[in-house]
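The chain contents come next:
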Amino acid sequence: QTEENLLEVNNIEVIYNHVILVLKGVSLSVPKGGITALLGGNGAGKTTTLKAISNLLKSERGEVTKGNIRYRGERVQDLVPSDLVKKGVIQVMEGRHCFEHLTVEENLLTGAYTRGSSRGEIEKDLDLVYTYFPRLKERRRSQAGYTSGGEQQMVAIGRALMSRPETILLDEPSMGLAPQLVEQIFGIVKSLNEDQGYTFLLAEQNTNVALRFAHYGYILENGRVVMDGPAKELRENPDVKEFYLGMS
Ligand code: ATP
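Residues numbered from 1 in each chain as written. Predicted model: local features only at pLDDT ≥ 70, side-chain atom pairs only at ≥ 80, totals over all residues. Heavy atoms only, no water.

Q: Just to check I follow, could you spell out the overall build of the chain for this structure?
A: Along its length, the chain carries 10 helices and 10 strands. Rg of the C-alpha trace for the chain: 18 Å, near the compact-globule value of 18 Å for 248 residues, within the 12% margin. When the 248 residues of the chain are sorted by exposure, 50% land in the buried category. Within the chain, residue pairs in contact and separated by at least 24 positions form 69% of the contacts whose partners lie at least 6 positions apart. When the accessible surface of the chain is totalled, it reaches about 11,700 Å², and 47% of it is carbon and sulfur. Here the chain carries 29 positive and 32 negative side-chain charges, and the mean point of each set is 3 Å from the other. (Helix = DSSP H or I, 4+ residues; strand = E, 2+ residues; numbered from the N terminus. Rg over C-alpha atoms; globule rule 2.2 N^0.38 Å. Buried < 20%, exposed > 50% of the residue type's maximum accessible area, 1.4 Å probe, protein only. Contact = heavy atoms within 4.5 Å. Areas by Shrake-Rupley, 256 points an atom, 1.4 Å probe, with all protein chains shown as cover. Lys, Arg positive; Asp, Glu negative; His and termini not counted. Charge placed at Lys NZ, Arg CZ, Asp CG, Glu CD.)

If you want it as structure tokens, here you go:
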């Protein structure tokens, strides 16, 4: 089987504030058209890995001090985040970060700003978002700050879709959501992957749900990948069952 890897992270080290070594040599590959999960407990380094990829560490005084990150073979770690978006990589941050005073639809439209597309094309993309998230269509004129946590997560993913990405980095989509909503959101991610071909790398503490929807998983512990494999194999692995699946 030949798989094209869109994203390759090779042995990266990340240091915060010049002294705190948080990632101690993380490597991973994200194949085109797949859903890849980055798993592990609180503080394992999942968010740091995603931020290293999308070059969002600077504002937190973090720095990639070793290793390299390539997208379609090209070194991307020196690009500013908006250039990475133009290359097709977008991150949906943990905690959703909606513009609370804007409506749902205005929030979605902010996702299209890097593209400079015509109104017609933007309308088409909005329709696509509303097809996958009918709830957002119903709520499109509501102020985002007054929508539920689940709806805000949908807005965050929808806004990412508006940039016409190829690869979506999703940080902890299940955070703070009731189990039924988590299922719903993962179900939508799966359909977006299957019907539209988006590639996903998602960081998730909820190993149980992530390994049901992802194709491949990496388990991080204390800044290192301690195990990786096809999701199905990880689900059946006795150590994963004991240490991770029991928890969630
Ligand atoms: P969570 O699910 O809690 O987000 P995580 O696996 O995503 O966990 P990270 O947020 O990447 O973990 O954090 C990894 C480690 O880096 C933690 O020990 C954390 O305290 C530390 N860390 C994160 N951000 C900073 C920062 N800005 N400055 C210093 N240390 C940080």
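That was the structure; now back to the text.
Q: Looking at this structure, I do not really get the site of the ligand. What am I missing?
A: Within the structure, the ligand sits among 16 residues, and N42, G43, G45, T47 and T48 are positioned closest to it. Between N42 and the ligand, the recorded distance is 2.4 Å, taken from a side-chain N or O atom to an oxygen atom. Residue G43 places a main-chain N or O atom 2.8 Å away from an oxygen atom belonging to the ligand. Burial of the ligand by the surrounding chains reaches 69%, relative to a free accessible area of 630 Å². Elements supplying a minimum of two residues to the shell around the ligand: β2 (20–31) and α1 (46–53). Per-element tally for the shell around the ligand: the top contributor is α1, with 3 residues. Classifying every residue of the shell around the ligand by side-chain character gives 4 nonpolar, 8 polar and 4 charged. (Near = heavy atom within 4 Å. Polar contact = N/O pair within 3.5 Å; in protein donor to acceptor, adjacent residues only side chain to side chain. Nonpolar A, V, L, I, M, F, W, Y, C, P; charged D, E, K, R; others polar.)

Q: Any chance you could explain unusual backbone geometry here in plain terms?
A: Glycine aside, residues mostly have negative phi, and peptide bonds are mostly found in the trans state. Despite not being glycine, H18 shows a phi value in the positive range, around 70 degrees. With respect to the element layout, H18 can be found in the loop between β1 (5–16) and β2. According to the relative accessible area criterion, H18 is exposed, its value standing at 62%.

Q: How should I be thinking about the pairing of strand β3 (residues 35–39) in this particular structure?
A: One face of the sheet, then the other: side chains in a regular strand alternate in exactly this way. Extensive coverage of β3 is indicated by the burial of 5 of its 5 residues. Two elements, β3 and strand β8 (residues 199–204), share 5 bridges in a ladder whose sense is parallel. Counted as the bridge partner of A37 is L202 from β8. Where β3 and strand β9 (residues 216–221) come together, 4 bridges link them in parallel fashion. Note that in β9 the partner of A37 across the bridge is G217. (Pairing = 2+ DSSP bridges.)

Q: Any chance you could explain the environment of L102 here in plain terms?
A: Mapped onto the elements, L102 comes out in the loop between β6 (89–92) and α3 (104–110). Judged by its relative accessible area of 29%, L102 falls in the partly exposed class. Sequence separation between L102 and M162 is 60 residues, and the spatial gap between their C-alpha atoms is 16 Å. Excluding anything up to four places from it in sequence, L102 contacts N107, T110, S142, Q143 and A144.

Q: Could you clarify how one ought to interpret the layout of surface pockets in this entry?
A: In this approach the atoms are scanned with a rolling probe the size of a water molecule, which exposes any empty space left behind. Its boundaries defined by the atoms lining it, the largest pocket holds a volume of some 510 Å³. In terms of lining, the largest pocket is formed by 21 residues, of which the most central are V85, I90, Q91, Y113 and R159. Those elements that provide at least two residues to the lining of the largest pocket are α2 (81–86), β6 and α6 (149–161). Broken down by element, the lining of the largest pocket gets its largest block of residues, 4 residues, from β6. For the lining of the largest pocket, the per-class residue count stands at 11 nonpolar, 8 polar and 2 charged. (1 Å grid on protein atoms, 1.4 Å probe; cavity = no way out; pocket = protein on both sides within 12 Å on 5 of 7 lines; lining within 4 Å. Points joined across faces, edges and corners; volume = space filled by probe spheres on them.)

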